[in-house]
Amino acid sequence: MDRALEPRGRPLTRRAYLLLAPLLTLLALCFVLPLLGMLGASLDAPAWSTTHYAHFLSDPLYLFTLARSLLLGVAVVAVTLLLGLPLAYWLARLENRFVPALLLLATFPLWISAVVRSFGWVVLLARNGVLTQALRDAGLVGRSFQLLYTMTGVVLALAQVLLPFMLLSLYGTLRSISPELERAAQNLGCGKWRAACLVTLPLAARGILSASLLIFALAVSAFATPSLVGGARVQLMSTTIYEQMTELADWPFAAAVAFILLAVVLAITALYTRLGADAGVTRP
């Protein structure tokens, strides 16, 4: 019976490649070829020198910038996961006709430009801003305290910008898990929250992993929000690339910095995915 099905599988495979051909062509023209051109610029083609990469890897300042960017990504993932997971679980288990409206409301930050949102955080986090003034009135901070131009301020602003991505990703994952599994665990003696932790979270592990990787990649590559909220005091990889291109006009070195960031993010993604596979993460 399997042999009888084999001839039917071959035309379907060829047809699939034909259907993917326009997308692959567009991807090659708009993504792969520009990346190859930037790679050639970083290697000083046709000299093919790794001087710019050696310069970055031998300078402690640039290595610290890379570490700070990765730390920013981890912090933003932690904040968005802490806020987004309970909200996504509540929406996924809420049987109400207003759930689509609530999801639409949760995505409201995506309707506004990242630059506008970042300027809003500049107003809130400044020394005389609303948030800083509230902390000062509560006696929690001193007069000279401000979150603007600090790593903490950048984390807060980026977490607000990227929270809808985490929420929507987790909502789809949790929605696909049947609530009957939790009810079965509750019938066996588990409480509501314990059943969610022991049953739902392991099943949603792959979705949580994918959402975390998405937020991490978006956070370490973000430019508008770190540039406006962090300023020159919070130097990150994205702002370093921008400065090398616009202020110093060193395009080859900027291309090298961009490829180092790309390589590190891809390596972390591959390692993260491998660890999740080795841990036996269950598919939802």
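What counts and how
Residues numbered from 1 in each chain as written. Predicted model: local features only at pLDDT ≥ 70, side-chain atom pairs only at ≥ 80, totals over all residues. Heavy atoms only, no water. Axes fitted to C-alpha atoms, helices over the stretch in contact; angles between N-to-C directions. Helix = DSSP H or I, 4+ residues; strand = E, 2+ residues; numbered from the N terminus. Parallel < 35°, antiparallel > 145°, perpendicular 65-115°, else oblique. Left-handed = near helix turned anticlockwise from the far one by under 90°. Contact = heavy atoms within 4.5 Å. Nonpolar A, V, L, I, M, F, W, Y, C, P; charged D, E, K, R; others polar. Polar contact = N/O pair within 3.5 Å; in protein donor to acceptor, adjacent residues only side chain to side chain. Buried < 20%, exposed > 50% of the residue type's maximum accessible area, 1.4 Å probe, protein only. Phe/Tyr/Trp six-rings, centres within 6.5 Å; stacked < 30°, edge-to-face > 60°. Salt bridge = Lys/Arg side-chain N within 4 Å of Asp/Glu carboxyl O.

Here we come to the packing of helix α7 (residues 151-175) against helix α10 (residues 205-220). Put simply, α7 and α10 touch, their axes get as near as 9 Å, and they point 155° apart. The pairing of α7 with α10 is recorded here as roughly antiparallel in orientation. Crossing of α7 against α10: the hand is right-handed. The segment α7 lies against α10, with Leu158, Leu162, Phe165, Met166, Ser169, Leu170 and Thr173 engaging Gly207, Ile208, Ala211, Ser212, Leu214, Ile215, Leu218 and Ala219. Among the residues forming the contact of α7 with α10, the class breakdown is 11 nonpolar, 4 polar and no charged.

Here we come to the side chain of Thr200. Position of Thr200 among the secondary structure elements: in helix α9 (residues 192-203). Only 2.4 Å separates the side chain of Thr200 from the side chain of Glu182, close enough to count as a polar contact. Beyond its immediate chain neighbours, meaning those up to four positions away, Thr200 contacts Tyr89, Arg93, Leu174, Ile177, Glu182 and Ala195.

This part takes up the environment of Arg233. Tracing the sequence through the fold places Arg233 in the loop between α11 (224-230) and α12 (237-246). Once the C-alpha coordinates of Arg233 and Ala157 are considered, the two residues, 76 residues apart in sequence, prove to be 16 Å apart. Other than its neighbours up to four places away in sequence, Arg233 contacts Arg68, Gln146 and Tyr149.

By the element assignment, Arg117 lies in helix α5 (residues 114-125). Overall, the relative accessible area of 12% leaves Arg117 in the buried class. Setting aside residues no more than four positions away along its own chain, Arg117 makes contact with Pro109, Leu110, Ile112, Gln160 and Val161.

Quick look at the packing of aromatic side chains now. The geometry of two aromatic rings is summed up by the distance between their centres and the angle between their planes. By the definition in use, this model includes 5 aromatic pairs. With 5.6 Å between their ring centres and 15° between their planes, Phe56 and Tyr62 make a pair best called stacked. Using a relative accessible area of 1% as the deciding quantity, one classes Phe56 as buried. Seen from their ring centres, Phe223 and Tyr242 are 4.8 Å apart, and the 40° between their planes marks the pair as tilted. Here the residue Phe223 occupies a position in the loop between α10 and α11, and Tyr242 occupies one in helix α12, the gap between them amounting to 19 residues. Taking the relative accessible area as the measure of exposure, Tyr242 reaches 42% and is therefore partly exposed. Cluster of aromatic residues (ring-pair linked, three or more members): Phe56, Tyr62 and Phe253.

Here we come to the environment of Leu214. Relative to the elements of secondary structure, Leu214 occurs in helix α10. Setting aside residues up to four positions removed in sequence, Leu214 forms contacts with Phe165 and Ser169.

Before going further, it helps to examine the packing of helix α4 (residues 99-106) against α7. The geometry of α4 relative to α7 is characterised by a closest axis approach of 10 Å and an angle of 150° between their N-to-C directions. As judged from the angle between their axes, α4 and α7 are roughly antiparallel. Where α4 abuts α7, its residues Val99, Leu103 and Ala106 lie against Pro164, Leu167, Leu168 and Tyr171. Looking at side-chain class alone, the contact of α4 with α7 contains 7 nonpolar, no polar and no charged residues.

The subject of this paragraph is the pattern of salt bridges. Enumeration over the complete set of coordinates arrives at 2 salt bridges. With a shortest N-O distance of 3.2 Å, Glu182 and Arg93 are connected by a salt bridge. One end of the pair, Glu182, is in helix α8 (residues 179-187); the other, Arg93, is in helix α3 (residues 60-93), and 89 residues separate them in sequence.

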